[in-house]
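Here are the chains, one letter per residue:
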Amino acid sequence: MIVQLWGTRGSLASSGPDTVRYGGNTASVEIVGADGSILALDAGTGMRRLGAAIDPSVERVDILLTHLHMDHIQGLGFFAPFFRSGEVHVWGPASATLDLRTRLTRYLSPPLFPVRIRDLDARVVLHDAPDEPVKIGSFDVVAQHVVHPGPTVGYRITADGASVAYLPDHEPALGARRFPEEPRWTSGFDLASGVDLLIHDGQYTDAERSSRVGWGHSSFTEAVAFGELVKARRLVLFHHDPSHSDAMLDDMTARACARAATIEVVAGREGDRFNLS
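Below you will find a few notes about this structure. Remember, predicted model here, so these are calculated numbers, not experimental data.

## A closer look at the overall build of the protein
Regarding its fold elements, the protein presents six helices and 14 strands. Computed over C-alpha atoms, the radius of gyration of the protein comes to 18 Å, within 12% of the 19 Å expected from 2.2 N^0.38 for 277 residues, which places it in the range of a compact globule. Overall size of the protein, expressed as C-alpha extent along the three principal axes, is 50 × 40 × 40 Å. When each of the 277 residues of the protein is scored for burial, the buried share is 56%. Taking the intrachain contacts of the protein between residues at least 6 apart in sequence as the baseline, contacts between residues at least 24 apart amount to 69%. Just so you have it, the protein exposes about 11,800 Å², and 50% of that area is on carbon and sulfur atoms. Charged side chains of the protein number 26 positive and 35 negative; the gap between the two group centres comes to 2 Å.

## Brief notes about the nonpolar core
Grouped together as the largest cluster of nonpolar side chains are 29 residues, with contacts concentrated most on Ile157 and Ile199. By residue number, the principal contributor to this core is strand E9 (residues 153–159), which donates four residues. Non-local contacts of Ile199, meaning those with residues more than four positions away in its chain, are made with Val3, Leu5, Val29, Val164, Ala165, Tyr166, Leu167, Pro168, Val236 and Phe238. Membership of the second largest hydrophobic core comes to 27 residues, among which are Ala43, Ile63, Leu104 and Val124.

Parameters and conventions
Residues numbered from 1 in each chain as written. Predicted model: local features only at pLDDT ≥ 70, side-chain atom pairs only at ≥ 80, totals over all residues. Heavy atoms only, no water. Helix = DSSP H or I, 4+ residues; strand = E, 2+ residues; numbered from the N terminus. Rg over C-alpha atoms; globule rule 2.2 N^0.38 Å. Buried < 20%, exposed > 50% of the residue type's maximum accessible area, 1.4 Å probe, protein only. Contact = heavy atoms within 4.5 Å. Areas by Shrake-Rupley, 256 points an atom, 1.4 Å probe, with all protein chains shown as cover. Lys, Arg positive; Asp, Glu negative; His and termini not counted. Charge placed at Lys NZ, Arg CZ, Asp CG, Glu CD. Core = buried A, V, L, I, M, F, W, Y, C linked by side-chain atoms within 4.5 Å.

Here it is as structure tokens:
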């Protein structure tokens, strides 16, 4: 199983000389199984380059959306497999009153976007995020709701003897007197328990987090604490704040590594590849 990062930024794309090393595109991650099955996790602005890199002969691609904030869906309309023959399956959370198709159509239609879902060349199949584990190609996929404003899920993906947890927008410390607390009170614990690779929200410094409680994101300190609580092997800090330069992310990563006692910590960079076979 190969995991590649195509977009690691959060909230707003932020390309420029100060973000060139970690990248400025918003959330987009590709997972390729040993059998060639492809999952695209979220559809931020990094989705354009991800789609362009997929061989046109691939007959099916699955997109797993964690939620429908703009920084996670803005790349959908620029995803090359939508404009080829074949199938694209899109999975994501419904709201309490609207299914996924109705919610996505609000973006993929005028005046926000000129092309409607019905006008795409591919056969597009939309699925509400599953309540039970589901098999997608060679992948076993589990989705669970996590703490973030609006309907939001995280994913656990298992294949080829390896596991990945993807929680790019997550505030597990919300409401906790101390963090981390018991696993049963911790959002996302079951999804991430014992995974080989944990891709997790680490948007804020501790000072930033103290003034942004309830915004749905974690500090890098909380990301490390969560990763050690779930006993993940490696933590990828993700969803970098658009105001954080490469130099600031270097500093945050160094401080995260210094805090980590039982887990390897890296900061996600566009182009990073992790071979979990």
